[in-house]
Amino acid sequence: MQAFRAAVEAHDIDAVEALLAEDVVFTSPVVFKPYRGKAITAAILRAVERVFEDFRYERVIGEEGGRDHALVFSARVGDREIGGCDFLHLDESGLIDELTVMVRPLSGAQALQAAMAAQFERIAQEAQEAQAGTAG
């Protein structure tokens, strides 16, 4: 999915958010329960933008025009190198309705979990503000 990749690489989370379906399901590599909805998913992605360093996509797997894509990436959290993959599924209108992230190694996943836990209050606040903005 070229638009998603370009937006992420440009650090344009507003553009990423525009690609998300309202009912998107985000599955984290470090939390058991999936997150549901555009507001919380966008807030999580904003936090990831703050936490990841030296993020870069290595390659994209999937058919052009297809609905399933895998974007292989590398990044760093603190002193831990992380390898991972964003799995995207597109709905009938071409918006992302499923986003699953996987990372390795375990020490990298643990560093990511700790860094994201430190962002939790801000994530919740941003999601709540976004929900309030769309409700009004």
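See above for the structure.
Conventions and cut-offs
- Residues numbered from 1 in each chain as written.
- Predicted model: local features only at pLDDT ≥ 70, side-chain atom pairs only at ≥ 80, totals over all residues.
- Heavy atoms only, no water.
- Helix = DSSP H or I, 4+ residues; strand = E, 2+ residues; numbered from the N terminus.
- Buried < 20%, exposed > 50% of the residue type's maximum accessible area, 1.4 Å probe, protein only.
- Contact = heavy atoms within 4.5 Å.
- Phe/Tyr/Trp six-rings, centres within 6.5 Å; stacked < 30°, edge-to-face > 60°.
- Salt bridge = Lys/Arg side-chain N within 4 Å of Asp/Glu carboxyl O.

Take the side chain of T41 next. The topology assignment puts T41 in helix α3 (residues 38-51). Since its relative accessible area comes to 0%, T41 is described here as buried. What T41 contacts, discounting residues up to four positions off in sequence, is L20, V24, F26 and Y35.

Right, let's get into the packing of aromatic side chains. According to the stated counting rule, one finds 6 aromatic pairs in the structure shown. Ring geometry for Y57 against F73: centres 6.5 Å apart, planes inclined by 85°, an arrangement best described as edge-to-face. With Y57 in strand β3 (residues 53-61) and F73 in strand β4 (residues 68-77), this residue pair connects regions lying 16 residues apart in the sequence. With respect to class, Y57 is no different from F73; both count as buried.

Tallied over the full model, the rule gives 11 salt bridges. Residues E92 and R67 are paired through a salt bridge, measuring 3.5 Å at the closest nitrogen-oxygen approach. Of the two residues, E92 is situated in the loop between β5 (80-90) and β6 (96-104) and R67 in the loop between β3 and β4; the sequence distance between them amounts to 25 residues. On the accessibility criterion, R67 (36% relative accessible area) is partly exposed. Here R122 and E126 are joined by a salt bridge, their closest N and O atoms 3.2 Å apart. Taken together, the residues span about one helical turn, with R122 and E126 both in helix α5 (residues 120-135) at a distance of 4 residues. Linked through salt bridges whose partners overlap, the residues forming this network are D14, E17 and R46.

Functional significance is not addressed by these values, which are geometric in nature.
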